[in-house]
Amino acid sequence: MQLKSLKKRDNVLANAKRQLEVLSNGIFQDEELPTFRSKLKTLNLFPLQPKTLEILQINVGYMCNQVCAHCHVDAGPDRKEIMTRETMQQCLDVIIETGAHTLDLTGGAPEMNPHFRWFVEEATKVGVKEIIVRSNLTIITANKKYNDLPEFFKKHKVHVISSMPHWTEGKTDQQRGDGVFNASIKALKMLNAVGYGMPNSDLKLDLVYNPSGAFLPGNQAALEIDFKKALASKFDIQFHHLFSITNLPISRFLDYLIASENYEDYMYNLVEAFNPAAVNNVMCTNTLSVSWDGWLYDCDFNQMLELKVDSPVQHIRDFNKETLSKRTICISQHCYGCTAGAGSSCQGTVV
Amino acid sequence: MSNTYYEPSDLRKFGTITEWSEELGKKFFDYYGSVFEEGALSAREKSLIALAVSHVVKCPYCIDAYTQDGLKRGITKEEMMEAVHAGAAIESGATLVHSVQMMNKYKKLSM
């Protein structure tokens, strides 16, 4: 049976407020563990403030062909939230105005937005330096109309970043759904065939590893070596880099942690692995996240927790660089996920 | 609440052993840290050795810790189980090799 989104199931954790309560109660309320705010304060790192805006990360919709067990977006086929062309145009205007070098498209499966290709084409025309598409891979093989995506990506020199929790079928399907591993392998071969991920190719193909369970990712460089070896020897697949990303305790992953009675241990692990050096480079300091309906957030996780930017400007249509640069970043205990160990961001480790 | 000699959450408190003997505790953790660094053996190999030994010395804390450590390193369940069997084989071998002593004694005492 295919999993449904928390929202479709009317699960209490589909409510962002309830998630924030969970993250502030229990071990954090009892002061058994320090809140993220007090942790930053003791190190004189509070409040967190943005640096120069470099990346505009746009969530073009929560619709997805997959229903991954750990998804922080609670995405799935039953989610209908989709960005309009008008909002996309506002995003393009902002990227031109600010000179942010990267447009990072995420979802859901961003390719399922009917204006996705138009958006990429327009972004290329206005000269965005780097366009990232966070592709779940299986979308490429899901339907005939998506089969030419590798060619489309190539035409626009899109940087493809794809999820791959393990090089074995069992562990991948356990997290991402039955059949996902084989479909992903097929899609990776299609990307390799047009030049993506090949040594010295400027068609960048990176993979994202996030743990399939209640544990933190290990050393990124060591995992990259293992992934490369296994994917090359078993499937003749090449890719450039592996980004390891920590699962943040929100949405479906939070639901899993609580249901499997791993929540407390996981939070202990995150707090214990807190690395002050990672704080300086957390992605919320150089990224702004835009939701499908144009609201602004410090990161995609805050978007899912409905923590809008703490600024008089909260929507892309009212964008003001100066005003937004003066804001302080909204935090809660989920932020420990980005500061654990070597740190975690949409570009992998940060230390 | 059940009363047992082992409390899973005690693993988190491992570091507190330094409170009652700071010098020795610190020396132990420094040593421990150095042992598991990348060396002639990879940290991954050492993690599997630690998992096997955890079973042999029957330390539930160590089993929890090194199962989690293996998962973090992308070690598969097949690799973990093979490591446990390597430990188990040595442990049963250690028992069985004593049977040579039994056989020797038997022979010595028998006409």
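Small disclaimer: the values here were computed from a predicted structure and weren't measured. (Residues numbered from 1 in each chain as written. Chains lettered and ligands numbered in written order. Predicted model: local features only at pLDDT ≥ 70, side-chain atom pairs only at ≥ 80, totals over all residues.)

Caption draft 1: Representation of the overall build of chain A. Per the secondary structure count, chain A includes 15 helices and eight strands. Over its C-alpha atoms chain A spans a radius of gyration of 19 Å, differing by no more than 12% from the 20 Å that the globule rule assigns to 351 residues. For chain A, the spread of C-alpha atoms along the principal axes amounts to about 55 × 45 × 40 Å. The burial tally for chain A puts 51% of its 351 residues in the buried class. In chain A, 74% of the contacts between residues at least 6 apart in sequence involve partners at least 24 apart. (Helix = DSSP H or I, 4+ residues; strand = E, 2+ residues; numbered from the N terminus. Rg over C-alpha atoms; globule rule 2.2 N^0.38 Å. Buried ≥ 20, exposed ≤ 12 C-beta atoms within 10 Å, placed from the backbone. Contact = placed C-beta atoms within 7 Å.)

Caption draft 2: Here's a closer look at the nonpolar core. Residues and elements named next belong to chain A. Within the largest apolar cluster, 113 residues are counted, with the highest numbers of intra-cluster contacts made by L56, C91 and V160. With seven residues, the single largest contributor to this core is helix α8 (residues 180–193). Among all residues touching L56, those that are not within four sequence positions of it are C91, V94, I95, A100, L103, D104, L288 and V290. (Core = buried A, V, L, I, M, F, W, Y, C linked by C-beta atoms within 7 Å.)

Caption draft 3: Quick look at the interface of chain B and chain A. Contacts between the two partners involve eight residues from chain B, matched on the other side by twelve residues from chain A. No other element matches helix α3 (residues 60–72) of chain B, which puts three residues into the side of chain B that touches chain A.

Caption draft 4: View of helix α9 (residues 220–235) of chain A. All names here are of chain A. Along its 16 residues, α9 runs 21 Å from first to last C-alpha, staying within 8% of the 22 Å computed at 1.5 Å per residue. The complete set of buried residues in α9 reads L223, E224, F227 and L231. Across the axial projection of α9, the buried residues extend over an arc of 100 degrees, all falling on one side. For α9, the exposed residues set more than 90 degrees away from the buried face come down to A221, K229 and S233. Residues of α9 that are buried in the fold lie against β5 (205–209) and β6 (242–244). Directly after α9, the chain includes D236, whose backbone phi takes a positive value near 60 degrees. (Expected span 1.5 Å × (residues − 1). Arc of directions from axis to C-beta.)

Caption draft 5: Expanded view of the packing of helix α7 (residues 169–176) of chain A against α8 of chain A. All names here are of chain A. Where α7 meets α8, the axes come as close as 8 Å, and the angle between the chain directions of the two elements is 105 degrees. Classified by the angle their axes make, α7 and α8 are roughly perpendicular. Listed contacts from α8 to E169, T172, D173 and R176 of α7 are V180, F181, N182 and S184. Among the residues forming the contact of α7 with α8, the class breakdown is two nonpolar, three polar and three charged. (Axes fitted to C-alpha atoms, helices over the stretch in contact; angles between N-to-C directions. Parallel < 35°, antiparallel > 145°, perpendicular 65-115°, else oblique. Nonpolar A, V, L, I, M, F, W, Y, C, P; charged D, E, K, R; others polar.)

Caption draft 6: Region of the structure containing the confidence of the model for chain B. Mean pLDDT over chain B works out to 95, with 98% of the residues at or above the 70 mark. Both scores are given for the predicted complex: the pTM is 0.90, the ipTM 0.79. (pLDDT = per-residue confidence, 0-100.)

Caption draft 7: Geometry of the pairing of strand β3 (residues 130–135) of chain A. All names here are of chain A. Here strand β2 (residues 102–106) pairs with β3 via four bridges, running parallel. Across the sheet, L105 pairs through a bridge with V133, a residue of β3. Bridge analysis of β3 against strand β4 (residues 159–163) gives four bridges, and the strand direction is parallel. Counterpart to S135 in the pairing with β4 is S162. (Pairing = 2+ DSSP bridges.)

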